[in-house]
Amino acid sequence: MSESFAKLPGSTSPLELVVTAYNINPGHNEDIVRKDENLHGYVTFVSKARTYEQSGMEFTKAVERAIKECIDEDILKEFLEDNASEVFNMLVQEWDWDKYWETVARNSKEEESQKWQAALAGKDAALAGKDAALAGKDAALAEQAAEIAALKALLESGAKPKQ
């Protein structure tokens, strides 16, 4: 991962990250699991769902049963009561990276399009303002040209202009 981070000026090395992963499946690192009630509840929930699935139950039914039993047995009860549908959906819906990246690309294109549309609308508004100013100047010039033509006609006719 270190190659993903730029070396900052004045630093001796890029950011270094070390991650330790622990197997928390039943029978592994139980001393860690016992220290946290939520972690223990999570391990119990996952273990129940896996056990039901391995016994031949359809995965979605196994997850539903594990959620219900955990609530009944006061395991992650409050969390599961509040978030059961999200937990269920997260576990049973297959993650589709292609669909994810299509969505990201589509959203990026839409955002980019919106930025350009806003920029073009601003440009159009500025041009409309300039057009209006030029039209005002054109009208003033036409008025002055008319006054000059009138004065020129007076001079050519020999009449004295009014002051």
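Asks: Just checking my understanding: could you explain helix α2 (residues 37–54) for this structure?
Replies: The end-to-end C-alpha separation of α2 is 25 Å, in line with the 26 Å expected for 18 residues at 1.5 Å each. Where α2 is buried, its residues meet α1 (30–34), α3 (59–72) and α4 (77–92). Sitting at the amino-terminal end of α2 is D36, which places a side-chain oxygen 3.0 Å from the backbone nitrogen of N38. Backbone geometry just downstream of α2 places G56 in the positive-phi region, at approximately 110 degrees.

Asks: Can you help me understand the pattern of salt bridges in this one?
Replies: Should their charged atoms come close, side chains of opposite charge can pair. Under the definition given, this model contains six salt bridges. Between K48 and E73 there is a salt bridge, with the nearest N and O atoms lying 3.2 Å from each other. Taken together, the positions of K48 in helix α2 and E73 in the loop between α3 and α4 put the pair 25 residues apart, joining distant regions of the chain. Judged by its relative accessible area of 15%, K48 is buried. Notably, a salt bridge pairs E69 with R65, separated by 3.1 Å at the nearest N-O pair. One end of the pair is E69 and the other is R65, both in helix α3 and four residues apart, which spans about a single turn. A single salt-bridge network, built from bridges that share partners, covers K48, R65, E69 and E73.

Asks: Even after reading the chapter, I still don't get the packing of α2 against α3, so can you show me in this structure?
Replies: To characterise two packed helices, one gives the angle between the axes of the helices and the distance between these axes. Where α2 contacts α3, the two axes come as close as 8 Å, and the packing angle between them is 140 degrees. For the element pair α2 / α3, the angle class is oblique. α3 is crossed by α2, and the crossing has right-handed handedness. Residues F45, K48, A49, Y52 and E53 of α2 touch α3, and the partners they reach there are F59, A62, V63, R65, A66, I67, E69 and C70.

Asks: Please clarify how the packing of α3 against α4 should be interpreted in this entry.
Replies: The contact between α3 and α4 brings their axes to 10 Å, and the two run at 170 degrees. Classified by the angle their axes make, α3 and α4 are roughly antiparallel. In this structure, α3 uses F59, T60, V63, E64, I67, C70 and I71 to contact α4, whose residues at the interface are K77, L80, E81, A84, V87, F88, L91 and V92. Of the residues in the contact of α3 with α4, the class split is eleven nonpolar, one polar and three charged.

The rules we used
Residues numbered from 1 in each chain as written. Predicted model: local features only at pLDDT ≥ 70, side-chain atom pairs only at ≥ 80, totals over all residues. Heavy atoms only, no water. Helix = DSSP H or I, 4+ residues; strand = E, 2+ residues; numbered from the N terminus. Expected span 1.5 Å × (residues − 1). Contact = heavy atoms within 4.5 Å. Polar contact = N/O pair within 3.5 Å; in protein donor to acceptor, adjacent residues only side chain to side chain. Salt bridge = Lys/Arg side-chain N within 4 Å of Asp/Glu carboxyl O. Buried < 20%, exposed > 50% of the residue type's maximum accessible area, 1.4 Å probe, protein only. Axes fitted to C-alpha atoms, helices over the stretch in contact; angles between N-to-C directions. Parallel < 35°, antiparallel > 145°, perpendicular 65-115°, else oblique. Left-handed = near helix turned anticlockwise from the far one by under 90°. Nonpolar A, V, L, I, M, F, W, Y, C, P; charged D, E, K, R; others polar.

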